[in-house]
Amino acid sequence: MRVDAIRNGIVIDHITAGLGRKLYNLLGLENVSAPVALLTNVSSAKLGRKDIIKVDANIPVDFNVIGYVDPGATVNIIRDGSLVEKRRIEMPEMLVNVIRCKNPRCITSCEQELAHKFRLTNREKKEYRCIYCETKVALL
Amino acid sequence: MRSVIDVPDLTLGELDHLMDTAEDIIARPDRYSEACHGKKLATLFFEPSTRTRLSFEAAMYELGGNVLSVTGAGTSSAAKGESVADTAKTVSCYADIIAMRHPKEGAALVAANNASVPVINAGDGGHCHPTQTLADLLTIRREKGHLDHLRIGLCGDLKFGRTVHSLITAMSRYDGPEFVLISPEELKLPGYVKNDCLREKNIPYTETTSLEQVIGELDILYMTRVQRERFFNEEDYLRLKDSYILTPEKMKKGRPDLCVMHPLPRVNEISVAVDEDPRACYFKQVLNGKYMRMALILMLLKEAGKL
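Overview of the structure.

Residue and element names in this part refer to chain B. Within the fold, Val 260 resides in strand β9 (residues 259–261). A tally of 25 C-beta atoms within 10 Å means that Val 260 is categorised as buried. When sequence neighbours within four positions are dropped, the list of residues in contact with Val 260 reads Leu 221, Met 223, Leu 246, Val 274, Arg 279, Ala 280, Cys 281 and Tyr 282.

Written out as structure tokens, the structure is:
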């Protein structure tokens, strides 16, 4: 399978196989009008199988979302057909409006204007908790 | 602006300071009778509560301050759809300090993030109730003389009981605690509390369904009410509400220096006949709560530069 090289945009590489679609959805890429490719189960020397996302446009991307979904992913920034930056991703300390608190007793369930904020409480376990009610978010 | 949302917001040194202040208030109340003269406490209670609100208000009056009070969401601007953030900003214009109870978890944090005066969480749903824990700590220290190396039995609703979770978190910061968790299967302590507070710190605990079997081993017996308002399902509440009732017969098996506590209000989980037992400390706990709230109001107003 071939996907054309992109001229200006980003390539999110080394996504753990199976997490590409989740990342695609959380980044809101379904709303992007530019060409976007989601490749799943691509052969990888490093991972065995991996997912890749290519966006052929200079759109703002929330790196915190990538860090939350898959901190092992890498981001390549492409300008004029050349790789200008390769970024390693880390788990963010705080997630703002990336995921929603599902606790019906949480204040965010009734105050619509309130940002949904989750703090990283255990890096090893990849554990985030709502800053308001401390409900733990389920692992991806 | 410093606020207190949960007990871990306070260091062990600050807890000691608050308990020392409370003891000093008990010993020399006259010294504090004008300490908050000209200051106003706003009590914003969006959920039914009698004792906590009265305790805060009594605390402020005994410090020589004044109280502005809102009780019930139905009579406040919340009924018109005002957000907690806007309420906190508005009330900050009138009061020097706010005590807030709200049915939603995290509401106190939202208020604290938006108020320009200190906010004390007086209970946010089933989440935190730090001033109850402050009352509990002072009661234990006054009754036992220390807070370390105690075997603490917690009985009743350990699943929804926020006072239980807070007390475990607080006592796990002291040396050598041991917990005995007494509850029906359906109301056992949640796994995350066991993990975060007990297993990760290697604090010993046992779980049992029998109060009689363990009461003789305890330094502290902390009874709780099965709370109707924490259940979505009335049938579950009715089935579990009478799970554990402490009677004079059961008290006979307790040690002579057992300290029986309860955050109150009780329904029927402690027989009224137990009240006469000198080991019943739950009404002392109420009084201690007022003194700790006085100490906390003083500390926060001083830190805010208002005293």
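It is generally the case that most residues other than glycine have a negative phi and that most peptide bonds are trans. Residue Pro 265 of chain B is bonded to the preceding Leu 264 of chain B through a cis peptide linkage, with omega at 0°. Within the secondary structure, Pro 265 of chain B sits in the loop between β9 and α11 (282–303). Even without glycine at this site, Asn 41 of chain A takes up a positive phi of about 55°. Mapped onto the fold, Asn 41 of chain A is located in strand β2 (residues 36–44).

Between two packed helices, the angle of one axis relative to the other and the distance separating the axes together describe the packing. All names here are of chain B. Here helix α5 (residues 130–144) crosses helix α6 (residues 162–171) at 55°, and the two axes come no closer than 9 Å. When the axis of α5 is compared with that of α6, the two are oblique. The two elements α5 and α6 cross, and the hand of that crossing is right-handed. Along the contact surface, α5 presents Pro 130, Gln 132, Thr 133, Asp 136 and Leu 137, while α6 presents Thr 163, Ser 166, Leu 167 and Ala 170. Residues that form the contact of α5 with α6 fall into these classes: 4 nonpolar, 4 polar and 1 charged.

What counts and what doesn't
- Residues numbered from 1 in each chain as written.
- Chains lettered and ligands numbered in written order.
- Predicted model: local features only at pLDDT ≥ 70, side-chain atom pairs only at ≥ 80, totals over all residues.
- Helix = DSSP H or I, 4+ residues; strand = E, 2+ residues; numbered from the N terminus.
- Buried ≥ 20, exposed ≤ 12 C-beta atoms within 10 Å, placed from the backbone.
- Contact = placed C-beta atoms within 7 Å.
- Axes fitted to C-alpha atoms, helices over the stretch in contact; angles between N-to-C directions.
- Parallel < 35°, antiparallel > 145°, perpendicular 65-115°, else oblique.
- Left-handed = near helix turned anticlockwise from the far one by under 90°.
- Nonpolar A, V, L, I, M, F, W, Y, C, P; charged D, E, K, R; others polar.

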